[in-house]
Amino acid sequence: MSTLNRRASNIILAGIIIGMIAGGLCGWFFGERMVSVKWVGDLFLNALKMVIVPLIVASMIVGISSLGDLRKLGRTGAWTLVYFLSTSGISVIIGIILVNIIRPGVGMSIAGMEAPETVLSKELSLTSVILGMIPENIFDAAARNDVLPLIVFSLFFGGILTTLGERGRPVLAFFEAVNDVVMKMVHLIMYFAPLGVFALIAYRLGKAGGGGLFWMELAKLLKYALTVITGLLIHGVFVLPIILWVLGRRNPARYAFNMGNALTTAFSTASSSATLPLTMECAEEKNSVSNRAASFVLPLGATVNMDGTALYEAVAAIFIAQAYGVPLAFPQQGDIFITATLAAIGAAGIPEAGLVTMVIVLKSVGLPLEGIGLLLSIDWFLDRFRTTVNVWGDSVGAAIIDRLESGYSSSTTAADHT
Ligand code: ASP
């Protein structure tokens, strides 16, 4: 497979960081005038989204087929689920502890709050999530870039393909080639990333009215924003790296540096799904995670594993309760723990999806949905931090599953030989 040379990749990372800073400065000082660069950011986003469908389908089919045995899929799946649920759970607990200590919602003004239209119009239930996983038409799901049904289809297809033996070889070779082509496309798109992230950040800050207005909005919710960001930092800088070090046997700093292009893009796009091509590229090619583990854990993680979103859902719900003066006893905080985890699983990997699924959390403890109105003005900003942690959580998961997987394969191979 063609590999983007490490030097070029590091130069791109430097370019992205410069793009983010320049975008922030331009958006801050030129305000609404920067809305005019939106199309450049959209071009970058479109390019990333354009490769998602072929990337997921080809790489999952290749990855699953290389497992060689469907029973291994069950084992990998079970470990992945354990990892997803336990790390999301830990991050929610961090959020709940912090928001109870800092109490950012006490004394907030709730006058004239309204629930946003997008939030109220969305009907969310567990059955609708499950139903959505099996689409009636796979092309329709692909046309909407709906990742979960594509994952289910590819797993199903790849799993069956392995049972065909020799007859399945040409089909597998076809998808291997598609996978290589798409990766090459991702490399080329990456050259455009510095300009893309510049435009995305400049546009978003410009749309918020520039630095002055943004700062005024942020100041009103500063304690809340700091609670969320502190929680995300604890989870992203301490908890996940320790897990990576202990279970994945990787140097967390080096692993994070190698994920740099994906993490900075996650921050700039606020979308785990749009970042997925880069997450896979960095994990497989710079961190040498096997295609088997990366192609299974990363697409699934981009839609269902959202540590950052889970933490934010819990903090936001308790913040709203504090603002409305609703006391939440221990059992209710337990409800928040469970529903925040579920709401994060249900959230799509797109900007501000967490705001919509927060309805589940608020309803579970009877909090007013209008409370969401409190958070709206700076949600786009916090979204970037949580999306970065979401992508980081997926990346750590890929390394851990890779290690568990390879340990299992070598032990079974050894056992096969004895
Ligand atoms: N934007 C987040 C993501 O794509 C989801 C959310 O929390 O809104 O991961």
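What comes next is a walk through the structure. (Residues numbered from 1 in each chain as written. Predicted model: local features only at pLDDT ≥ 70, side-chain atom pairs only at ≥ 80, totals over all residues. Heavy atoms only, no water.)

So, the site of the ligand
- Inspection of the region around the ligand gives 16 residues, with Ser 272, Thr 309, Gly 354, Asp 383 and Arg 386 positioned closest.
- Interatomic distance of 2.9 Å between a side-chain N/O atom of Asn 390 and an oxygen atom of the ligand.
- Structurally, the ligand is housed in the largest cavity.
- Of all the elements in the fold, those that place two or more residues in the shell around the ligand are helix H19 (353-364) and helix H20 (372-417).
- In terms of residue count, H20 provides more of the shell around the ligand than any other element does, four residues in total.
- In the shell around the ligand, the residues fall into six nonpolar, seven polar and three charged. (Near = heavy atom within 4 Å. Polar contact = N/O pair within 3.5 Å; in protein donor to acceptor, adjacent residues only side chain to side chain. 1 Å grid on protein atoms, 1.4 Å probe; cavity = no way out; pocket = protein on both sides within 12 Å on 5 of 7 lines; lining within 4 Å. Sits in = over half its atoms within 2 Å of the grid points. Helix = DSSP H or I, 4+ residues; strand = E, 2+ residues; numbered from the N terminus. Nonpolar A, V, L, I, M, F, W, Y, C, P; charged D, E, K, R; others polar.)

Structural notes on the side chain of Thr 341
- Mapped onto the elements, Thr 341 comes out in helix H18 (residues 330-346).
- Judged by its relative accessible area of 10%, Thr 341 falls in the buried class.
- In this structure the side chain of Thr 341 is engaged in a polar contact, spanning 2.7 Å, whose partner is the backbone oxygen of Phe 337.
- Those residues in contact with Thr 341 that lie beyond four places of it in its chain are Leu 85, Ser 88 and Val 92. (Buried < 20%, exposed > 50% of the residue type's maximum accessible area, 1.4 Å probe, protein only. Contact = heavy atoms within 4.5 Å.)

Section: helix H11 (residues 210-220)
- Turning to H11, its buried residues number three or more, namely Gly 210, Gly 211, Phe 214 and Leu 218. What you see down the axis of H11 is that its buried residues fit within an arc of 105 degrees, all on one side. Exposed side of H11, more than 90 degrees from the buried face: Gly 212, Met 216 and Lys 220 are the residues found there. (Arc of directions from axis to C-beta.)

So, the environment of Lys 363
- Assignment of secondary structure puts Lys 363 in helix H19.
- Given the relative accessible area of 55%, Lys 363 is considered exposed.
- As for Lys 363 and Thr 339, which are separated by 24 residues in sequence, their C-alpha atoms are 9.4 Å apart.

Some points on unusual backbone geometry
- Its identity is not glycine, yet Asn 145 carries a phi of approximately 55 degrees, on the positive side.
- Structurally, Asn 145 is set in the loop between helix H7 (138-143) and helix H8 (147-163).
- Of note in the backbone geometry, Glu 352 takes a positive phi value of approximately 55 degrees without being a glycine.
- Mapped onto the secondary structure, Glu 352 falls in the loop between H18 and H19.
- A relative accessible area of 24% means that Glu 352 is categorised as partly exposed.

Thoughts on the nonpolar core
- Formed by 122 residues in total, the largest nonpolar core has its most connected members in Tyr 224 and Met 358.
- Among the elements that line this core, the one with the most residues is H20, at 15 residues.
- Setting aside anything within four residues of it in sequence, one finds Met 358 in contact with Tyr 312, Glu 313, Ala 316, Ala 317, Ile 372 and Leu 375.
- Counting residues in hydrophobic clusters, the runner-up holds eight residues, among them Cys 26, Val 37, Ala 199 and Ala 202. (Core = buried A, V, L, I, M, F, W, Y, C linked by side-chain atoms within 4.5 Å.)

Some remarks on the environment of Thr 127
- Along the chain, Thr 127 falls in helix H6 (residues 126-133).
- The class for Thr 127 is exposed, based on a relative accessible area of 56%.
- Separated by 15 residues in sequence, Thr 127 and Ala 142 place their C-alpha atoms 21 Å apart.

What to know about the packing of helix H10 (residues 193-207) against helix H14 (residues 260-269)
- Where H10 contacts H14, the two axes come as close as 9 Å, and the packing angle between them is 30 degrees. The orientation of H10 relative to H14 falls into the category roughly parallel. Helix-helix and strand crossings are classified by hand; for H10 and H14 the assignment is left-handed. On the side of H10, the interface is formed by Val 197, Leu 200 and Ile 201, while H14 contributes Phe 267, Ser 268 and Thr 269. (Axes fitted to C-alpha atoms, helices over the stretch in contact; angles between N-to-C directions. Parallel < 35°, antiparallel > 145°, perpendicular 65-115°, else oblique. Left-handed = near helix turned anticlockwise from the far one by under 90°.)

A word on empty space enclosed by the protein
- Following the criterion strictly, the structure yields two cavities of 30 Å³ or more and no others.
- Taken as a whole, the largest cavity encloses approximately 70 Å³ of empty space.
- What lines the largest cavity is a set of 15 residues, and nearest its centre among them are Thr 309, Ala 348, Ile 350, Asp 383 and Asn 390.
- Listed by contribution, the elements that provide at least two residues to the lining of the largest cavity are H19 and H20.
- Per element, the largest residue contribution to the lining of the largest cavity is four residues, and it comes from H20.
- Grouping the amino acids of the lining of the largest cavity by side-chain chemistry returns six nonpolar, six polar and three charged. (Points joined across faces, edges and corners; volume = space filled by probe spheres on them.)

Details of a nonpolar patch on the surface
- A surface patch of nonpolar side chains, about 900 Å² in accessible area, is lined by Ile 17, Ile 21, Leu 25, Trp 28, Phe 29, Phe 30, Trp 215, Leu 222 and Leu 226.
- At the level of secondary structure, the elements contributing two or more residues to the nonpolar patch comprise helix H1 (6-30) and helix H12 (222-248).
- Looking at which element gives the most residues to the nonpolar patch, the answer is H1, with six residues.
- Structurally, the position occupied by Trp 215 is in helix H11. (Patch = residues over 30% accessible without salt bridge, like charges linked within 9 Å, V, L, I, M, F, W, Y side chains within 5 Å. Areas by Shrake-Rupley, 256 points an atom, 1.4 Å probe, with all protein chains shown as cover. Salt bridge = Lys/Arg side-chain N within 4 Å of Asp/Glu carboxyl O.)

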